[in-house]
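Structural description and commentary
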Amino acid sequence: MARPLTVVTGGSRGIGAATVARLAADGHDLVIGYSSDAEAAAATAASAEASGARCAVVHCDVSVPADVDRLFDTAAELGTLTGLVNNAGITGGFGRLADAEPATIQRVIDVNVVGVLLCCRRAARDLGRGGAIVNVSSGAATLGSPGDYVHYAASKAAVDTATIGLSKELGPDGIRVNAVAPGIIDTEMHATGGDPGRAARVGPQIPLGRAGTAAEIAAAIAWLLSEESSYTTGAVLRVAGGR
Ligand code: NAP
């Protein structure tokens, strides 16, 4: 049996890096996209290779169509694509919508929505029967995130809708499309957005009493890519500690 070959966008850090590590352990070969942190991407790839995976690292801003093509062209050089994890995403900072800069709103939509659609579009062309896409959404899509980042929540609701629509388009081709909606996960994303203490502060208010880990999200993603979930498509799997 050929090893599965999976593209992970934003695979350099956080949930993406944990997903790369988990999929490498599960026997996948991997193509890792990153946008700025080449060192982190190289370190993630080195540890996946130590688990026996073939790995390629590609600089790819998912909002740029030519970058997305380069990402998938690199995968095609390694073999037949079997999976895509649309993980790259940004919040664009915290605050009320009234105070958000138009350029920030535009950038969040470009990365979180246009980026996901461009990668799904290319994967829809490259994946064969048995292929699977997992989009990383957010619990914010249904909470709305008032006072934090309404624009980000709206972008993730678009990801959920794209997941449902594409699952129906690609189901007859034997390709499954699902999403994972994490709650508050302890990664650098909160510090990047300007609130480094967020996971520790909000954790106790979550029904399970803590923030989640990137590895816990990676486990859900790995399941949705695997044959274990062969009859699951169009699902948005909330992994949010009950939030
Ligand atoms: P993170 O630690 O900030 O990592 C973000 C990743 O996305 C990095 O690999 C980064 O690459 C990449 N990236 C950012 N902009 C990109 C672009 N334009 N093109 C390609 N890659 C880009 O974030 P995270 O917490 O792991 O979040 C991963 C996903 O989970 C996101 O979609 C996020 O919305 C979602 N999520 C996170 C949480 C949470 O609490 N952490 C909750 C719900 C949903 P570089 O390393 O090169 O910068």
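Residues numbered from 1 in each chain as written. Predicted model: local features only at pLDDT ≥ 70, side-chain atom pairs only at ≥ 80, totals over all residues. Heavy atoms only, no water.

For the rest of this paragraph, the subject is the overall build of the chain. Helix and strand counts for the chain stand at nine helices and seven strands. Against the 2.2 N^0.38 benchmark of 18 Å for 243 residues, the chain shows a C-alpha radius of gyration of 17 Å, consistent with a compact globule. Reported as C-alpha extents along the three principal axes, the dimensions of the chain are approximately 50 × 35 × 35 Å. When the 243 residues of the chain are sorted by exposure, 49% land in the buried category. Taking as baseline every contact in the chain between residues at least 6 positions apart, the subset at least 24 positions apart corresponds to 73%. Of the roughly 10,700 Å² that the chain leaves accessible, carbon and sulfur atoms contribute 55%. When the 19 positive and 24 negative side-chain charges of the chain are each reduced to one mean point, those points stand 5 Å apart. (Helix = DSSP H or I, 4+ residues; strand = E, 2+ residues; numbered from the N terminus. Rg over C-alpha atoms; globule rule 2.2 N^0.38 Å. Buried < 20%, exposed > 50% of the residue type's maximum accessible area, 1.4 Å probe, protein only. Contact = heavy atoms within 4.5 Å. Areas by Shrake-Rupley, 256 points an atom, 1.4 Å probe, with all protein chains shown as cover. Lys, Arg positive; Asp, Glu negative; His and termini not counted. Charge placed at Lys NZ, Arg CZ, Asp CG, Glu CD.)

Turning to the nonpolar core, a few remarks are in order. Grouped together as the largest cluster of nonpolar side chains are 27 residues, with contacts concentrated most on V7, V31, L71, F72, L84 and I133. At the level of secondary structure, the elements contributing two or more residues to this core comprise β1 (5–8), β3 (55–59), α3 (65–78), α4 (102–126) and α6 (150–170). Counting residues per element, this core draws most heavily on α4, at six residues. Residue contacts for L84: discarding those within four places in its chain leaves T6, V7, T9, F72, C119, C120, A123, A132, I133, V134 and L225. Counting residues in hydrophobic clusters, the runner-up holds 26 residues, among them I15, L23, V85 and A132. (Core = buried A, V, L, I, M, F, W, Y, C linked by side-chain atoms within 4.5 Å.)

Before going further, it helps to examine the site of the ligand. Near the ligand, the surroundings consist of 31 residues, among which S12, R13, S36, Y152 and T187 are the closest. At a separation of 2.6 Å, an oxygen atom of the ligand approaches a polar side-chain atom of Y152. When atom positions are compared with the pocket grids, the ligand is found to occupy the largest pocket. Where the shell around the ligand is concerned, the elements lending two or more residues are α1 (14–25), α4, α6 and α7 (189–192). Along the lines of polarity and charge, the residues of the shell around the ligand split into 13 nonpolar, twelve polar and six charged. (Near = heavy atom within 4 Å. Polar contact = N/O pair within 3.5 Å; in protein donor to acceptor, adjacent residues only side chain to side chain. 1 Å grid on protein atoms, 1.4 Å probe; cavity = no way out; pocket = protein on both sides within 12 Å on 5 of 7 lines; lining within 4 Å. Sits in = over half its atoms within 2 Å of the grid points. Nonpolar A, V, L, I, M, F, W, Y, C, P; charged D, E, K, R; others polar.)

Tracing the sequence through the fold places I185 in the loop between β6 (176–182) and α7. Its relative accessible area of 6% is what places I185 among the buried residues. Each C-alpha atom, one on I185 and one on D26, is 22 Å from the other, the two residues being 159 residues apart in sequence. Setting aside anything within four residues of it in sequence, one finds I185 in contact with I15, H190, G212, T213, A214, I217 and V239.

A few words on the pairing of strand β2 (residues 29–34). Within a regular strand, side chains alternate between the sheet's two faces. Of all six residues in β2, six are buried, a share of seventy percent or more. The two faces of β2 match: D29, V31 and G33 on one face and L30, I32 and Y34 on the other face are all buried. Where β1 meets β2, four bridges bridge the pair, whose relative direction is parallel. Bridge pairing links T6 to L30 in β2. Note that the unit made of β2, helix α2 (residues 38–50) and β3 has a crossover that is right-handed. (Pairing = 2+ DSSP bridges. Right-handed = clockwise from strand over helix to strand, strands pointing away.)

Glancing now at α4. Its 25 residues give α4 an end-to-end C-alpha distance of 35 Å, which sits within 8% of 36 Å, the value for a rise of 1.5 Å per residue. Of all the bends found along α4, the most pronounced is centred on D110 and spans about 30°. Of all the positions in α4, only V108, V111, N112, V113, G115, V116, L118, C119, C120, R122 and A123 are classed as buried. Looking at the buried residues of α4, the elements they touch are α3, β4 (83–86), β5 (132–136) and α6. (Expected span 1.5 Å × (residues − 1). Bend = angle between axes of the 7 residues up to and from the residue.)

α4 packs onto α3 with a crossing angle of 35° between their chain directions and a minimal axis gap of 10 Å. The crossing of α3 and α4 is right-handed. Contacts from P65, V68, D69, F72 and D73 of α3 reach α4 at L118, C119, R122, A123 and D126. Across the contact of α3 with α4, the residue classes tally to six nonpolar, no polar and four charged. (Axes fitted to C-alpha atoms, helices over the stretch in contact; angles between N-to-C directions. Left-handed = near helix turned anticlockwise from the far one by under 90°.)

The values are spatial; any link to function lies outside them.
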